[in-house]
Amino acid sequence: DAGVIQSPRHEVTEMGQEVTLRCKPISGHDYLFWYRQTMMRGLELLIYFNNNVPIDDSGMPEDRFSAKMPNASFSTLKIQPSEPRDSAVYFCAIAAVGEEQYFGPGTRLTVT
Amino acid sequence: AQKVTQAQTEISVVEKEDVTLDCVYETRDTTYYLFWYKQPPSGELVFLIRRNSFDEQNEISGRYSWNFQKSTSSFNFTITASQVVDSAVYFCALSPRWGSRLTFGEGTQLTVNP
């Protein structure tokens, strides 16, 4: 089974602060995805990478959001500055060619 | 554009009842992939099944079965003899190809009461 570690699992921060969410795949993959889940908008894709290269970032809400994948074993999603409307569960998912997407446990972000 | 509709927001059944979760999709792609994921109260997303658009065979896995009908753009999920542990939110999703975004439906909250 594919595995994904996300950290932190919970994050509470004040509006205006920088937030960095981390994703560490622990098995082979070719693709890495960042999704966000909110009550209002459901599950939506933010960005995804293929072999560490960003392919589609059309879901990134605005310039306050940025994502990087410096190597195959690590990715970050950064929000700067954070706002209360960014409160959500952020999921990282991975997939190998021809395989379905496997999701990490998610990071619950609360911005007060 | 792709769209997935799960019209049933919440379903409540009594244990051992059969329950069907509906999923209707829209896409202009001639090939695509359909998925079901389960999100238990703990919050993780668990993969259940994938289906290729060119394979309309129905599938059964234990108490779970899936009915894919291209003619009606539906991919319904049936749980037979439901159990309390089946209580979760179930998501149907659509993707135009491997390694591409999943478009999720709104989800159906299933509650199985003892």
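For the structure, see preceding data.
Please read these numbers as outputs of a predicted model, since none were measured by experiment.

> Can you walk me through the interface of chain A and chain B in this structure?
Accessible area lost when the parts come together is the quantity often used to give the size of an interface. Facing the 17 residues of chain A at the interface are 15 residues of chain B. Each partner contributes to the roughly 1500 Å² buried at the junction of chain A and chain B, and carbon and sulfur atoms together form 55% of this total. Considering only the side of chain A, the residues that lose the most area to chain B are Leu 43, Glu 100 and Phe 103 of chain A, jointly responsible for 35% of the buried surface there. Viewed at the interface, chain B and chain A are joined by 2 salt bridges. Glu 100 of chain A is the salt-bridge partner of Arg 50 of chain B, the closest N and O atoms lying 2.2 Å from each other. Taken together, the links from chain A to chain B amount to 8 residue pairs in polar contact (both at pLDDT 80 or more). Of the residues assigned to the side of chain A that touches chain B, the class counts are 9 nonpolar, 5 polar and 3 charged.

> Is there a simple way to explain the nonpolar core in this structure?
In globular proteins that are soluble, nonpolar side chains generally tend to be buried together. By size, the foremost hydrophobic cluster in this structure holds 23 residues, and its most contacted members are Trp 36, Phe 75, Phe 77, Tyr 90 and Leu 110 of chain B. Sorting the residues of this core by element identifies strand S2 (10–14), strand S3 (19–21), strand S5 (33–39), strand S8 (64–69), strand S9 (74–79), strand S10 (88–95) and strand S12 (108–113) of chain B as the ones contributing at least two each. Per-element tally for this core: the top contributor is S10 of chain B, with 4 residues. When near neighbours in sequence (up to four residues on either side) are disregarded, Leu 110 of chain B contacts Ile 11, Val 13, Val 19, Ile 79, Asp 86, Ser 87, Ala 88 and Tyr 90 of chain B. Counting residues in each nonpolar core, the second largest holds 21 residues, with Val 19, Leu 32, Phe 65 and Cys 92 of chain A among its members.

Cut-off values and rules
Residues numbered from 1 in each chain as written. Chains lettered and ligands numbered in written order. Predicted model: local features only at pLDDT ≥ 70, side-chain atom pairs only at ≥ 80, totals over all residues. Heavy atoms only, no water. Contact = heavy atoms within 4.5 Å. Buried area = accessible area lost by both parts, 1.4 Å probe. Salt bridge = Lys/Arg side-chain N within 4 Å of Asp/Glu carboxyl O. Polar contact = N/O pair within 3.5 Å; in protein donor to acceptor, adjacent residues only side chain to side chain. Nonpolar A, V, L, I, M, F, W, Y, C, P; charged D, E, K, R; others polar. Core = buried A, V, L, I, M, F, W, Y, C linked by side-chain atoms within 4.5 Å. Buried < 20%, exposed > 50% of the residue type's maximum accessible area, 1.4 Å probe, protein only. Helix = DSSP H or I, 4+ residues; strand = E, 2+ residues; numbered from the N terminus.

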